[in-house]
Amino acid sequence: ADNQAIISAANAGSRKNKKHIISTQIEHHAVLHTLEKLKKNGFDITLLPPDKNGIINPDDILSAIRPDTALITVMYANNEIGTLQPIEAIGKICRSRNIIFHTDAVQAVGHISINVKNENIDMLSLSAHKFGGPKGIGVLYARNGIPLTSIIEGLSLIHISEPTRR
């Protein structure tokens, strides 16, 4: 799911000549390895350090944004020290700048309430085994209008529309 989200956002950004991605030094390898591959393919990657408590400062994200920033990806909860990132503040920054915002919420799901609309999350990655599903199944939420790229040949993407409110 992380690979799908990051590659999809990178491809969408590249079509608009936006090849800069902001993330953090404390991401899971699923994110960091994908960013490293994109770097080898001409993307510019900014990895922000956390403060002494393991938190990413939203002001640091704001300072790192450039006109060619296509994506900001920050994990929701750290898998080693358990810190929660200021996702709502980061999402607000992204939405105000029209930058796709992805969060790896694998460690957060089932432990805290997540509201993709209130937190301005465009893409959210989950792992099914964290909430009773089988191991090896990734789940990617993508807000309506976010373009997705197939990363496996022959794959059909399933798009489930958000329910309409009456």
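Presented here is a report on the structure given in the accompanying data block.

Calculation rules
Residues numbered from 1 in each chain as written. Predicted model: local features only at pLDDT ≥ 70, side-chain atom pairs only at ≥ 80, totals over all residues. Heavy atoms only, no water. Core = buried A, V, L, I, M, F, W, Y, C linked by side-chain atoms within 4.5 Å. Buried < 20%, exposed > 50% of the residue type's maximum accessible area, 1.4 Å probe, protein only. Helix = DSSP H or I, 4+ residues; strand = E, 2+ residues; numbered from the N terminus. Contact = heavy atoms within 4.5 Å. Pairing = 2+ DSSP bridges. Axes fitted to C-alpha atoms, helices over the stretch in contact; angles between N-to-C directions.

Quick notes on the nonpolar core
- Counting residues in hydrophobic clusters, the biggest one holds 23 residues, and the most contacted among them are Ile61, Ile72, Val74, Ile90, Phe101 and Ile121.
- Secondary structure elements with two or more residues in this core: α3 (58–64), α4 (87–97) and β5 (123–127).
- Residue contributions to this core peak at four residues, all from α4.
- Ignoring anything within four residues of it in the chain, the contact list for Ile72 reads Ile22, Ile61, Ile65, Ile90, Cys94, Ile99, Ile100, Phe101 and His102.
- In terms of nonpolar packing, the next biggest core, distinct from the first, is built from 15 residues, Ile6, Ile21, Leu35 and Ile146 among them.

With respect to the sheet that holds strand β3 (residues 69–73)
- Strand order in the open sheet made by the six strands is β2-β1-β3-β4-β5-β6, with mixed pairing throughout. Looking along the sheet, the strands with just one partner apiece sit at the ends: β2 (44–48) and β6 (138–142). Strand-to-strand twist of the sheet, defined as the mean angle between neighbouring strand axes without regard to direction, takes the value 20°.
- Here strand β1 (residues 20–24) pairs with β2 via five bridges, running parallel. What sits directly across from Thr24, in β2, is Leu48.
- Contacts from helix α2 (residues 29–40) reach β1, β2, β3 and β4 (100–104) within the one sheet, and its direction differs from that of β1 by about 155°.
- Along the sheet, α4 makes contact with β3 and β4, crossing β4 at roughly 160°.

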